[in-house]
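Each chain is listed here by its residues.
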Amino acid sequence: MSTHGKPMSIRDALYEAPGPRTRRRMIIGTVLSLAAVAVGIALIVRQFYVTGQLAPRYWTFLGQATTWRYLFQGFRGTLAVALTAGVLSLILGLVLMLGRTSGIKPLSVACRVVTDFFRGVPSLLLIYFFFLVVPQYGIKLSSFWMITLPVMLAASGVLAEVLRAGVNAVPRGQVEAAMSLGMRPARIMFKIVLPQAIRFVIPSLISQLVVVVKDTTVAYVVSYPDLMQNARVLITNYDALVSMYFTVAVVYILLNFAINKLSAVIAERLGVKIIR
Amino acid sequence: MGLSELLSTYGQLYLTGLVTTWWMTAVSFAFVMVLSVAITVMRISPLKPLRLVGDLYVQIFRNIPGVALLVIIVYALPNLRLVLDYRTCVIVTTILMGSAFGSENFMSGINTIGVGQIEAARSLGLTFRQIIQQIVIPQALRSAVLPMTNLLIAVMLTTALGSQVPMSPQELTGVVSYINTRSTGGILAFLIAALGYVGTAAVIGLAGNRLDKKVRILR
Amino acid sequence: MTMDTRDDVPVIELRHVEKHFGDLHVLRDINLKVSRGEVLVVIGPSGSGKSTMCRTINRLETIDSGEILIEGKPLPAEGRELAAMRAELGMVFQSFNLFAHKTILENVTLGPIDVLGMKREDAEKRAMELLARVGVAEQAAKVPAQLSGGQQQRVAIARSLAMNPKAMMFDEPTSALDPEMINEVLDVMVELARGGMTMVVVTHEMNFARRVADRVVFMADGQIVEEGAPDEFFDHPATQRARDFLDSIKGH
């Protein structure tokens, strides 16, 4: 606990300011580990090289505008599914949370069961439900909804729990103060508790968008043209599988990294923690 | 298809699917734990290059979608002369993703310890190794129980990626896809599998909560 | 306890110690000797460098230049030598810093068993004596979070005492405590001082300083501005800086 300067992370606090002997060892260790990392990278690059994957014909298509235009179309598809599913799951999650905290026993139990159900099944299983099972009952869904609905349901269970954690984080005194003013429970929930709860969980809600984005990548199962699906189409066109898949993976990683970063920045600004 | 018909025709398949999901989960999780520890050690090591590699690993594998990673391992790696059988591909995907989150859990477990306790241990004359053994590891492990329980459930759900590749025997989600493409199993066919997942998750959650109550560190 | 006036090697000695935090010059040419059995109380406004100075003595803070000697030997820079030296110096923190996952008893026996190589039974017996001495023996099986701040700080003192230290540093030991708990900790410290423990105490408790200190050191802006016997210092401060400080704390 230094009274001055930077707040110290535990990661650094594990180590003392080094003495001369430690400093020497650190330099040697740094050089050795740097060499090991370099060798690792070299081996990977070499593997790409000897298997011919560095050949220009696998990578030149990345310089073509049409490639990116088509990928961007897919990216828009991904965003459309992710944002629609995100918004809908927020609404459903809110409903589930309100039901669970309503104090009405049967409703609360039902909402709990539904929440636990959607949290406990793989989103792929939900996708197969909408892709294979729902049509058996004569219901025709567009491919957009066949991917959006399962992704939405899977997220809603998690969001219900995140929102509930937010509600629990609102100090009890707030509710008591509101009750002493003669406010009715529902009014207290919507006027006093929820606005604060949502403020607590905004960063967590944003970071859950990462899970939604990840779930959208199975859109190819229902042939919805998202980023992944369009990448697969391009692969057959260009016969450039390795480079294409790595490129798409990087796009997803950067997108999700950005979402996580945004969530962390907002969390810091609001002074709240991210619940996962 | 009614329940009895469904079970008589596909009961064995469901059971094998559930057991397959279980053991794929168990194997993956064991490796997830080992790798999580290794990655965490890199991330808290005093050597910058190792820290960087550890951080990068976590950022890549916590942000990559499971499907994207799976297709790379299944379809791209053979072009780089690394061929794994399908099941191994699924397990490796699960391990890579799971260990990124596992390391995050350990890191936040370590973060709850606080600089003060380290300084107190140092003041008593404990060496670095003793501080790690006596103060850091026990606390990090104990406060990671609940997050790791959730991770175990997440690992189980991730093994559903197995439905995207041919495997025999199939895991639970693959079984549902198989049944529904062959006959009209209806909502029941789906619910049986869902029950397998939800039930397993509930048991894991319960066990995790009990263990957590036992070892939780009061603060 | 009267001060030992033998021409002995000081237990702790700081010579021309300098330290910066970035642009901030936190310790300026600090020179200090603490003799065996002496109780040295360090006071001063916040940000004066008094905590930092206290923490340099067992190298929780490093110094830029100067020397720190423990019984005439330079404080080692690292490794086992440093750990061994620290084992001989007690340190009590503002925020107690008990090990959250260990019981009170384990907190007190960890050092003796792992550092001094004591047998468990012996360590536990000694720990129970010390816990009784600071008045928390009945809490031995609990974990720190179950104790009040005052109790935790007394355990922290017992934890340090278990190492049979040559000297003890107290870094604002009562600053994090509720008012009603301050005295229970100060009483233990008074007891220690009477028993002849060599102590460096950074504190805002002026009554304690007046009652117990053999010498008071007043720091401001990283410098030792004034030092002397407590009555002398409190009744006739020599510098304007010290007078202002004493007035400011009398205000409330």
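Now for a quick tour of the structure. (Residues numbered from 1 in each chain as written. Chains lettered and ligands numbered in written order. Predicted model: local features only at pLDDT ≥ 70, side-chain atom pairs only at ≥ 80, totals over all residues. Heavy atoms only, no water.)

Let's shift gears to the environment of C:Glu61. All names here are of chain C. Mapping Glu61 onto the fold places it in the loop between α1 (50–56) and β4 (65–70). Sequence separation between Glu61 and Lys19 is 42 residues, and the spatial gap between their C-alpha atoms is 9.2 Å. Polar contacts involving the side chain of Glu61 include one to the side chain of Arg55, which spans 3.1 Å. (Helix = DSSP H or I, 4+ residues; strand = E, 2+ residues; numbered from the N terminus. Polar contact = N/O pair within 3.5 Å; in protein donor to acceptor, adjacent residues only side chain to side chain.)

Turning our attention to the nonpolar core. Core analysis: the biggest nonpolar cluster contains 108 residues, and A:Ile147, A:Met228 and B:Tyr14 have the highest contact counts within it. Other than its neighbours up to four places away in sequence, A:Ile147 contacts A:Val81, A:Ile127, A:Asp215, A:Thr216, A:Val218, A:Ala219, A:Val222 and A:Tyr224. By size, the runner-up hydrophobic cluster in this structure holds 50 residues, among which are C:Ala140, C:Ala156, C:Ile182 and C:Val190. (Core = buried A, V, L, I, M, F, W, Y, C linked by side-chain atoms within 4.5 Å. Buried < 20%, exposed > 50% of the residue type's maximum accessible area, 1.4 Å probe, protein only. Contact = heavy atoms within 4.5 Å.)

This paragraph deals with the interface of chain A and chain B. Contacts between the two partners involve 53 residues from chain A, matched on the other side by 62 residues from chain B. Across the interface of chain A and chain B, roughly 5,100 Å² is buried in total on both sides, 70% from carbon and sulfur atoms. When the area that chain A buries against chain B is broken down by residue, the three leading residues are A:Ile10, A:Arg11 and A:Leu14, summing to 14%. With a shortest N-O distance of 2.9 Å, A:Arg11 and B:Asp55 are connected by a salt bridge. Going through the elements one at a time, α1 (10–13), α2 (20–50), α4 (105–120), α5 (123–133), α8 (185–216), α9 (227–238) and α10 (241–270) of chain A are the ones with two or more residues in the side of chain A that touches chain B. (Buried area = accessible area lost by both parts, 1.4 Å probe. Salt bridge = Lys/Arg side-chain N within 4 Å of Asp/Glu carboxyl O.)

So, on to the interface of chain B and chain C. With 20 residues of chain B at the interface, the matching set in chain C holds 25 residues. With both sides pooled, the region where chain B packs onto chain C buries about 1,900 Å², and carbon together with sulfur makes up 62% of that total. Linking B:Glu119 and C:Arg55 is a salt bridge whose minimum nitrogen-to-oxygen distance equals 2.7 Å. Taken together, the connections running from chain B to chain C amount to 10 residue pairs in polar contact (both at pLDDT 80 or more). Elements that contribute at least two residues to the side of chain B that touches chain C include exactly α5 (115–123) and α6 (128–143) of chain B.

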